[in-house]
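Chain and residue survey
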Amino acid sequence: LIPLHAPVDLFVCMAGGAFGGNRGLRPIPPEKGIFPLDHLHECDAEKKEYLGCLKSSSNKSEQCRHLSKKYLQCRMAKNLMAKQDMSELGFSGVKELDSTGDKNKESLDH
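This report concerns the structure included in the present document. Everything numeric here is computed off the predicted structure, so don't read it as measured data. (Residues numbered from 1 in each chain as written. Predicted model: local features only at pLDDT ≥ 70, side-chain atom pairs only at ≥ 80, totals over all residues. Heavy atoms only, no water.)

**Some thoughts on helix H2 (residues 44-56)**
Between its first and last C-alpha atoms H2 spans 18 Å; for 13 residues at 1.5 Å apiece the expected length is 18 Å, and the two agree. Burial in H2 covers these residues: Asp-44, Glu-46, Tyr-50, Cys-53 and Leu-54. Along its buried surface, H2 packs onto helix H3 (65-77). With its phi angle positive at about 55 degrees, Ser-58 sits one or two positions after the end of H2. (Helix = DSSP H or I, 4+ residues; strand = E, 2+ residues; numbered from the N terminus. Expected span 1.5 Å × (residues − 1). Buried < 20%, exposed > 50% of the residue type's maximum accessible area, 1.4 Å probe, protein only. Contact = heavy atoms within 4.5 Å.)

Structure follows, in C-alpha cells:
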C-alpha cells in the first residue's frame, strides 16, 4: 500500500509506468511487416481472388503467387504499403496471367 502522504511524483511514476502511459520514450515504427489496414476495401477484389485460389489449390500458395503479387501491387498503388521492387519481396520470377488465363512463370530454379 502507498501511504497517503506519499509524494505526488510517485503516483505519476506509477501511473505512467504500470499502466502503459508515456514513459518519455518516443516509439519507433517498424520498417516492414506492419502496414495500414485496408479500411476502404480498395484491394478486396485482389484479396478475394487470392484467397479463392488458395482454397481451390488446397492451400498450395506456390500456385497462387501471381495473385499474391497482384494483391501487393494493389496495396502499393493505393499507398497501403511502401512502394518496393517486387524482386525485393520475392517475386522476381512471377509473371502476370496472360489473356487466356494460363499462368506464365519463369523458372524459379535458376
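**Quick look at unusual backbone geometry**
For residues that are not glycine, phi is negative in most cases, and the peptide bond is trans in most cases. We note that Ser-58 has phi near 55 degrees; this positive angle belongs to a residue other than glycine. By the secondary structure assignment, Ser-58 is in the loop between H2 and H3. Assessed through its relative accessible area of 57%, Ser-58 is described here as exposed. A positive phi is found at Asn-59, a non-glycine position, where the angle reads about 60 degrees. Locating Asn-59 in the fold gives a position in the loop between H2 and H3.

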